[in-house]
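# Observations on the model geometry
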Amino acid sequence: MAFLNALFTAALDNNLVFAQLVGMVSVVLVAARPQDSWRFGGMVAVATAVVGALGWPLYTQLLQPWGVAYLAPLAYVLVSWSAIVVIATVLGAGKTVAERERLLRACPIIACNAAVLAVSLGNAAAAETLTWDAALGSSLGAGLGVLLAVVLFAFVRDRIDERLVPAALRGLPITLVTASLMALAFTGVAGIAGGLFV
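The text that follows walks through the structure, step by step, so that each part is easy to find. The shown structure was predicted, so the numbers you read here are calculated from the model rather than taken from an experiment.

Ranked by internal contacts, the top residues of the largest apolar core, which has 40 residues, are Val-17, Phe-18, Met-43, Tyr-59, Tyr-76, Ile-84 and Ile-110. Going through the elements one at a time, helix 2 (24–30), helix 3 (37–66), helix 4 (72–92), helix 6 (107–111), helix 7 (114–125), helix 8 (132–159) and helix 9 (172–188) are the ones with two or more residues in this core. Those residues in contact with Val-17 that sit more than four places away from it in its chain are Val-22, Gly-23, Met-24, Val-27, Val-146 and Ala-149.

Running from N to C, helix 4 and helix 5 (residues 97–105) cross one another at 165°; their axes reach a closest spacing of 9 Å. With respect to each other, helix 4 and helix 5 are oriented roughly antiparallel. In the packing of helix 4 onto helix 5, the handedness of the crossing is right-handed. Contact residues: Ala-88, Leu-91 and Gly-92 in helix 4; Arg-100, Leu-103 and Leu-104 in helix 5.

We now examine the side chain of Thr-60. Of note, Thr-60 is situated in helix 3. With relative accessibility at 13%, the residue Thr-60 sits in the buried group.

Here the focus is the pattern of salt bridges. Overall, the coordinates contain one salt bridge when judged by the stated rule. With a shortest N-O distance of 3.4 Å, Glu-99 and Arg-102 are connected by a salt bridge. Here Glu-99 pairs with Arg-102, and both are found in helix 5, just three residues apart, close to one helical turn.

Cut-offs used in this document
Residues numbered from 1 in each chain as written. Predicted model: local features only at pLDDT ≥ 70, side-chain atom pairs only at ≥ 80, totals over all residues. Heavy atoms only, no water. Core = buried A, V, L, I, M, F, W, Y, C linked by side-chain atoms within 4.5 Å. Buried < 20%, exposed > 50% of the residue type's maximum accessible area, 1.4 Å probe, protein only. Helix = DSSP H or I, 4+ residues; strand = E, 2+ residues; numbered from the N terminus. Contact = heavy atoms within 4.5 Å. Axes fitted to C-alpha atoms, helices over the stretch in contact; angles between N-to-C directions. Parallel < 35°, antiparallel > 145°, perpendicular 65-115°, else oblique. Left-handed = near helix turned anticlockwise from the far one by under 90°. Salt bridge = Lys/Arg side-chain N within 4 Å of Asp/Glu carboxyl O.

What follows is the structure, given as structure tokens:
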């Protein structure tokens, strides 16, 4: 039950992008190209889940006992970068050289993404009271929540007809207005998903 509760709470109630506004950079980066939203969102989601799942035992079994917990952010960036390079290599198999280079250029951006680091640092902060299954559920849920937010926002943003938007709001302003409305929608359902498995 702790796994499912943490999974749904992290994915829907405490969505990193819309409820906590941590991973908004991912959303704005993909807003211009919705065809890339599944790939980019998937890479961020897998990185978030892998770093969160590997970060908790790394922190509790290695960094904290050795007294080097201050190195946690650096360790999480290295773990996330390794995971993202493997994912980009797998996704780039069979693609053109330009497509593979574009995927690999996105690796440092995704590895240092605030959403990727927020989950692992949050799990480390609650390491005293958090079990591994709750940390795993939280990490997977946060990854799914980021994927959901990136894909939903990219497709909603694509549906906005720029010709109907006033000139002063075109581009980034309408993107931020759309993001705030989607954040309001996610906040409106807060508390529902996590309460299902109490």
